[in-house]
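# An overview of the molecular structure
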Amino acid sequence: MLNISFNEATRTFHLSNIHISYIMQVEQHNILTHTYFGRKVSGYHQIAQYPEISREFEVNFAENREGDRAYSIGTQLLEFPVYGTGDFRQTACLIRHEDGTTVSDFRYVGHEIIEGTQELSQLPSVYVEDVTEAKTLIIELRDELVQLTLKLRYTIFENHPVIVRSASIENSGTQTSFIEKIASMSLDFPERQFDLIQLNGAWGRERMLERERVRTGIKLLDSKRGTSSHHQTPFIALCDSDTTEFFGEIFGAQLIYSGSHEMSVERDPFGQVRMLLGIQSTGFRWQLQPGEQFEAPEVMIAFSDKGLNGLSQANHTFIKQHIIPRRYANLERPVLINNWEGTYFDFTEQKLHAIIDEASQLGLELFVLDDGWFGTRNDDNSSLGDWHINYDKLPKGLNGLANYTHSKQMKFGLWVEPEMISQNSHLFRQHSDWAIQAPHRPLSLGRGQCVIDMSRQEVRDNIFGQLCAILDTVEIDYIKWDMNRHLSEAHSLALSAEQQGELPHRFVLGVYDLMKRITTRYPNILFESCSGGGGRFDLGILRYMPQTWTSDNTDAIARLFIQYGSSLAFPINSMAAHVSATPNHQTHRHTSLAMRAAVAFAGVFGYEMDLTELSQADKEIISRQVEYYKQHRQLIQSGIFTRLISPFGDSNECAWQFSNRDKTEHLVMYYQVLSHASYPAKKFRLRNLCANTVYRVTSEEQSFIARGDELMHIGFYIYPQFKGDFQARVYHVEAMKE
Ligand code: GLA
């Protein structure tokens, strides 16, 4: 069913599997044009040839000067629009040549179809475990004058409504060129009324889902921060304006990249829509010398004709099978206790022992020692870069603590922040030039720290050596890899003036290199990425680390939005979610322990509080919660996730459902935000059940029996009604034995 065909007569490419078709054509001038992407079609009979319309004030393509005014590159649907020859829309590629010109003109010269995927050399790439799982089309286009070759790669997979694309440029000429913009993908749609969906935010408020009508002009969404950022997840979707959670067509694209990025959607004056995703072009300038190649990151684009849920589920399945190492797909993640919100920097060995004692009593499985264990770090102003143990705080060292934790039958985890350097550190005193900085300008601080120049091999080797010294000697089961500031004065003291525009991207390549070395050397350590919470939650990092700290905001109500938004792009078992103290440290809101757990259940569950301060009653509740989560962990972490009710907009509620593959077991979570007098009697309906199966539905308050069709079509009331704000119900739905 997986097929890539090329019709020699019409010069049409057709990539298809059981879900989707992607069609493009090499037209008369050897320009690669886009025809179709969407639901699978069995064949293509050239019915969508771009019409010959003469448009005033469009530039006619060079060959056509003598007469043919009906062909303008500026209105065609293009596969990879380049700058300079008359396409005035957003460009995927701008290259400055040695003579100062910025004209590019890439024409089709050939293609190749290979089994499986083609790995990028320095960037994270999608993978297959068996080459029969995918096919890749590599189309070669050449700009003869300057001898540059553009390669466009398209990978289609056996059983996913997904295409993965990337682009690279190779200099086979004799001149040096400078790439000033290079997208990973451009996708042109014929005239269509779309809505744009984006996931934006800020620290503590990541991945807020925003939807708006695509209007004429350009909408640019980006990060110039050196990371994918809290502010703009590198994900966008276009859907028809009547698409809902369950119905309608939607196209969702996400970059497999963790640095500065830009995504634009342009609706041209003829209603055609162009979607572009790639690395950030502001400040970017890549020197491409003869013989060199530049690879742009991959981008995955998924199609669903079953609304946002279809897109979310397609993303989850694909990411678990082709991005996150597959051994994690169904691997149960331990329920953890992290000391950060419990103690912050203020801990002693004795205090940590007390927390570990309590945690093991409560059934927790992993203790994570967060920030503050190294150098002389008692606040966030020092010691980053000095990855050695603070024996004043931990007299028995990390080994002592790890052994203590293991003696309580728990795993031991540790926090690190390898990409940073504090001015107050031995490392900085020895190598101040290792901090990212612009010469003769003040060093800007963020959270009191500087970013270390990961573009430099000697820097990476130093940090690698320091991390290995710990990981080789202490039995560590889990690492939380943090990154707590963005890149300003993005300049490297080790790069030439011509290459300074490369630094932000080289920084990311350096981070990937270090992550790859560490995660390969320690395959048994579970890695969780973090960047002030969910500031670097993206597919690039997920290629190395299977889970992310979703947000520093642990407030249950804020988390409804953050987790709902995140679930559009990322799988549930990549989203860490913790129960913290009340009032919440970020929002100062009070919520019940039951509500906090009911929200954190919908992710990789854990606690982040001082367990030694709990009342006996709370301990009993927590121990039951831990038990409950463990019982249903497989279903939550590996099941099918359905978004039932969105908390966004005017909604006062939120609901989601986890189902196993054969639909015999489900967990349904319903949340009400505020309490109101004379509130409607709320009834809701489940999804994804077998119509004829009889299920038992159980919550703490209710237990009843119903068939799947009743639960899906009639639905049931949330009863008894909630009393007070911030309430949740968790229903277990299980098929009864015949
Ligand atoms: C970041 C993380 C937190 C915690 C602190 C430690 O903010 O997101 O979870 O690890 O750093 O400094």
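To keep things clear, this report deals only with the structure shown in the data block. (Residues numbered from 1 in each chain as written. Predicted model: local features only at pLDDT ≥ 70, side-chain atom pairs only at ≥ 80, totals over all residues. Heavy atoms only, no water.)

## Describing the overall build of the chain
Rules: The way it works is that DSSP assigns letters per residue, a run of H or I at least four long becomes a helix, a run of E at least two long becomes a strand, and they are numbered from the N terminus. Put simply, the radius of gyration uses C-alpha atoms, and a globule should come to 2.2 Å times the residue count raised to 0.38. Here the term buried applies to any residue with accessible area under 20% of the maximum for its type, exposed to any over 50%, and partly exposed to those in between, with areas from a 1.4 Å probe on protein chains only. For this analysis, residues touch if any pair of their heavy atoms sits within 4.5 Å. Accessible surface is estimated by sampling points in the Shrake-Rupley manner with a 1.4 Å probe; for residues, cover comes only from the protein chains shown. Only four residue types enter the tally: Lys and Arg on the positive side, Asp and Glu on the negative side; His and the chain ends are excluded. Throughout, a charge is located at the NZ atom of Lys, the CZ atom of Arg, the CG atom of Asp or the CD atom of Glu.
Secondary structure assignment for the chain yields twelve helices and 38 strands. By the compact-globule yardstick of 27 Å for 738 residues, the chain fits well, its C-alpha radius of gyration being 27 Å. Taken along its principal axes, the extent of the C-alpha atoms in the chain is 90 × 70 × 45 Å. Taking all 738 residues of the chain together, the buried fraction comes to 63%. Considering only contacts in the chain between residues 6 or more positions apart, those separated by 24 or more positions represent 69%. With the model as given, the accessible surface of the chain reaches about 27500 Å², and the carbon-plus-sulfur share is 48%. Once the 70 positive and 91 negative side-chain charges of the chain are each reduced to a mean point, those two points are 4 Å apart.

## Details of the site of the ligand
So the rule is basically this: We define proximity as follows: a residue is near a molecule or strand when any one of its heavy atoms falls within 4 Å of that partner. Each polar contact in these results corresponds to two N or O atoms within 3.5 Å; when the atoms are within protein, one needs to be able to donate a hydrogen and the other to accept it, and residues that are neighboring in sequence are counted only if both atoms are side-chain atoms.
Taken together, 13 residues are adjacent to the ligand, and Asp370, Asp371, Arg447, Lys480 and Asp552 come closest. At 2.9 Å from an oxygen atom of the ligand is found a main-chain nitrogen or oxygen belonging to Gly533. Asp552 is positioned such that a nitrogen or oxygen atom in its side chain is 2.5 Å from an oxygen atom of the ligand. The fraction of the free accessible surface of the ligand (310 Å²) that becomes covered by protein chains is 96%.

## Overview of the packing of aromatic side chains
What describes a pair of aromatic rings is the distance from one ring centre to the other and the angle between the planes of the rings. Condition: Centres within 6.5 Å are what make two rings of Phe, Tyr or Trp a pair, Trp counting through its six-membered ring; a difference in plane orientation under 30 degrees is then read as stacked, over 60 as edge-to-face, and the rest as tilted. Two thresholds decide whether a charge sits over a ring: the Lys NZ or Arg CZ must be within 6 Å of the ring centre and within 35 degrees of the ring normal.
Within the structure shown, the criterion is met by 42 aromatic pairs. Taking the ring centre of Phe178 as reference, the NZ or CZ of Arg285 above it sits at 3.9 Å. When the ring centre of Phe246 is taken as origin, the NZ or CZ atom of Arg687, which lies over that ring, is 3.4 Å away.

## Things to note about the sheet that holds strand β1 (residues 3–7)
Worth spelling out the cut-off: Two strands make a pair as long as DSSP finds a minimum of two bridges between them. Lines fitted to C-alpha atoms define the axes, with helix axes restricted to the stretch in contact, and inter-axis angles between N-to-C directions lie between 0 and 180 degrees.
Strands sit in the order β1-β2-β3-β4 across an open sheet of four strands; the sheet is antiparallel. Two strands lie at the open edges of the sheet, namely β1 and β4 (32–39), each paired on one side alone. The sheet shows a mean angle of 15 degrees between the axes of neighbouring strands, taken without regard to direction.

## Some words on the environment of Ser455
With respect to the helices and strands, Ser455 occurs in the loop between β25 (450–451) and α6 (457–471). Along the sequence, Ser455 and Arg506 sit 51 residues apart, while their C-alpha atoms lie 5.1 Å from each other. If near-sequence neighbours (up to four positions away) are discounted, Ser455 is found in contact with Arg460, Ser492, Leu503, Arg506 and Phe507. Of note is the side chain of Ser455, whose polar atom sits 2.6 Å from the side chain of Asp453.

## With respect to the pairing of strand β27 (residues 526–529)
In plain terms, the rule: Place the viewer so that the strands point away; then a crossover is right-handed whenever the path from the first strand over the helix to the second strand goes clockwise.
The two faces of β27 match: Leu526 and Glu528 on one face and Phe527 and Ser529 on the other face are all buried. Here four bridges tie strand β26 (residues 478–481) to β27, and the two strands are oriented parallel to one another. The residue of β27 that forms the bridge with Tyr478 is Leu526. Taken together, β26, helix α7 (residues 503–521) and β27 constitute a β-α-β crossover, and its handedness is right-handed. Note: β27 against strand β28 (residues 547–549), two bridges, orientation parallel. Each residue of the ladder has a partner; that of Ser529, found in β28, is Thr548.

## Notes on the pattern of salt bridges
Rules: Here a salt bridge means any side-chain nitrogen of Lys or Arg lying within 4 Å of a carboxyl oxygen belonging to Asp or Glu.
Within the structure shown, the criterion is met by 46 salt bridges. Note that Arg89 and Asp188 form a salt bridge whose closest N and O atoms lie 3.9 Å from each other. Taken together, the residues span a long stretch of sequence, with Arg89 in the loop between β4 and β5 (93–96) and Asp188 in strand β10 (residues 177–189) at a distance of 99 residues. There is no split in this pair, since Arg89 and Asp188 are both buried. Between Glu140 and Arg142 there is a salt bridge, with the nearest N and O atoms lying 2.9 Å from each other. When its relative accessible area of 24% is taken as the criterion, Glu140 is described as partly exposed. For Arg142, a relative accessible area of 25% gives the class partly exposed. Salt bridges here are not isolated pairs; linked through shared partners, they connect Asp87, Arg89, Asp188, Asp268 and Arg274.

## Overview of the environment of Glu738
Mapped onto the fold, Glu738 is located in the segment after β38 (727–735). The class of Glu738 is exposed, set by a relative accessible area of 93%. Remark: the alpha-carbon pair of Glu738 and Thr693, spanning 45 residues in sequence, is separated by 8.9 Å.

## Here's the deal with the nonpolar core
Quick reminder of the rule: In these notes, a set of buried Ala, Val, Leu, Ile, Met, Phe, Trp, Tyr and Cys residues joined through side-chain atoms within 4.5 Å is what counts as a nonpolar core.
The biggest cluster of nonpolar side chains holds 201 residues, and the ones touching the most others in it are Leu369 and Trp373. At nine residues, the largest contribution of residues to this core is made by α7. Core analysis: the second largest hydrophobic core is formed by 19 residues, Leu711, Phe716, Ile718 and Tyr731 among them.

## Details of the side chain of Glu608
As for its placement among the helices and strands, Glu608 is situated in strand β30 (residues 604–608). In this structure Glu608 is buried but unpaired, with Lys480 as the nearest side chain of opposite charge at 5.1 Å. Engagement of the side chain of Glu608 in a polar contact is seen with the side chain of His578, the distance being 2.7 Å.

## Quick notes on unusual backbone geometry
Note the cis peptide between Thr582 and Pro583, where omega equals 0 degrees. By the secondary structure assignment, Pro583 is in the loop between β29 (575–580) and α10 (593–600). Put simply, Tyr719 and Pro720 share a cis peptide bond, and its omega is -5 degrees. Non-glycine residue Ser383 carries a positive phi angle of around 80 degrees. With respect to the helices and strands, Ser383 occurs in the loop between β22 (366–369) and α4 (397–407). A relative accessible area of 1% places Ser383 in the buried class.

## Concerning the sheet that holds strand β36 (residues 703–707)
As summarised here, the arrangement of the six strands in space is β31-β32-β33-β38-β35-β36, forming an open sheet in which the pairing is antiparallel. Each edge of the sheet is formed by a strand with only one pairing partner; in this case those strands are β31 (640–645) and β36. Direction aside, neighbouring strands of the sheet carry axes that sit 20 degrees apart on average. Against the sheet, helix α11 (residues 616–638) makes contact with β31, β32 (653–659), β33 (665–672) and β38, and its axis sits at roughly 100 degrees relative to β33, the strand it touches most.

## Considerations on α10
Within α10, seven of the eight residues are buried, leaving the element largely enclosed by the surrounding structure. For α10, the set of buried residues is Leu593, Met595, Arg596, Ala597, Ala598, Val599 and Ala600. Turning to α10, the residues buried within the fold contact α9 (556–569), β29, β30, α11, β33 and β38.

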